[in-house]
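# Tertiary structure, described
Letter by letter, the chains look like this.
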Amino acid sequence: MKLIYERDLAPMKLTSLNGVRQNAVTLALSKRLGISRQRMRKILIEKCDLMTLENLGPRYDAAEIQAESDEVGDVLSLPHLSTATGILSKQRADHYRSLAMEKDADLSEIRRAILEEIS
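Attention here is on the structure that accompanies the text. None of the values given here were measured: they were computed from a predicted structure.

## Remarks on the overall build of the protein
Scanning the protein from terminus to terminus reveals nine helices and zero strands. Along the protein, from the amino end to the carboxyl end, the secondary structure elements read α-α-α-α-α-α-α-α-α. Taken over C-alpha atoms, the radius of gyration comes to 15 Å for the protein, in line with the 14 Å a tight globule of 119 residues would show. Judged by the C-alpha coordinates and their principal axes, the protein covers about 55 × 30 × 25 Å. Looking at the 119 residues of the protein, the share that counts as buried comes to 39%. Of the contacts formed within the protein by residues at least 6 apart in sequence, a portion of 61% connects residues at least 24 apart.

This is the structure in C-alpha cells:
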C-alpha cells in the first residue's frame, strides 16, 4: 500500500503546468534555453515541487526584475533557473556567472553545460 506522501505527484505537477500563467512561463523558459516546451516541462516536473510550480508566475516575474540588473545572468537565464524555479542553487548560478565573466568565455558552451546539469 502506498502512503499519500509516497505518491507520484507528476500528474498533479503536469496539471499545474497547464495553468495559463504556468504554461506561459514554461514557454518563456523553453525559449530562453532553446529547448522544446515538452523538455522544459519534464525538467520542471522532475526538479520542482508542486508549490513552486503553482507559484511559477510570480516567481518568474521576480526573476525578470532581478535579470534587469544582471546582464550575464539574464543571457544565461540564471535568475530564472535559481530564483524562479530553484533548479540551480545560488552557488551553481554564481559558478556559471563567473565562468561567463572570463575573457574568452563561450556563452553557448556555458548554456550547454547548464542544460546538461539540469536535465
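## Structural notes on the pattern of salt bridges
Across all of its chains, the model carries nine salt bridges by this definition. Between Arg97 and Asp70 there is a salt bridge, with its nearest N and O atoms 2.7 Å apart. With Arg97 in helix α8 (residues 90–101) and Asp70 in the loop between α5 (56–68) and α6 (71–76), this pair connects stretches of sequence that are 27 residues apart. With relative accessibility at 14%, the residue Asp70 sits in the buried group.

## Brief notes about α5
In an α-helix, one full turn covers 3.6 residues, which means residues spaced three or four apart are oriented alike. With 13 residues, α5 extends 18 Å between its outermost C-alpha atoms, agreeing within 8% with the 18 Å of an ideal straight helix rising 1.5 Å per residue. Of the residues making up α5, those classed as buried are Leu56, Gly57, Tyr60, Ala63 and Ala67. Buried residues of α5 fall within an arc of 120° about the axis and therefore sit on the same side. Of the exposed residues in α5, those oriented more than 90 degrees away from the buried face are Pro58, Ile65 and Glu68.

## What about the environment of Leu9?
Following the sequence through the fold, Leu9 ends up in the segment before α1 (10–17). Leu9 sits 86 residues away from His95 along the chain, and the two C-alpha atoms are 31 Å apart.

## Looking at the packing of α8 against helix α9 (residues 107–118)
The contact between α8 and α9 brings their axes to 10 Å, and the two run at 160°. The orientation of α8 with respect to α9, classified from their angle, is roughly antiparallel. α9 is crossed by α8, and the crossing has right-handed handedness. The segment α8 lies against α9, with Arg92, Tyr96, Leu99 and Ala100 engaging Leu107, Ile110, Ala113, Ile114 and Glu117. A breakdown of the residues in the contact of α8 with α9 according to their chemical character gives seven nonpolar, no polar and two charged.

Quick notes on the rules
- Residues numbered from 1 in each chain as written.
- Predicted model: local features only at pLDDT ≥ 70, side-chain atom pairs only at ≥ 80, totals over all residues.
- Heavy atoms only, no water.
- Helix = DSSP H or I, 4+ residues; strand = E, 2+ residues; numbered from the N terminus.
- Rg over C-alpha atoms; globule rule 2.2 N^0.38 Å.
- Buried < 20%, exposed > 50% of the residue type's maximum accessible area, 1.4 Å probe, protein only.
- Contact = heavy atoms within 4.5 Å.
- Salt bridge = Lys/Arg side-chain N within 4 Å of Asp/Glu carboxyl O.
- Expected span 1.5 Å × (residues − 1).
- Arc of directions from axis to C-beta.
- Axes fitted to C-alpha atoms, helices over the stretch in contact; angles between N-to-C directions.
- Parallel < 35°, antiparallel > 145°, perpendicular 65-115°, else oblique.
- Left-handed = near helix turned anticlockwise from the far one by under 90°.
- Nonpolar A, V, L, I, M, F, W, Y, C, P; charged D, E, K, R; others polar.

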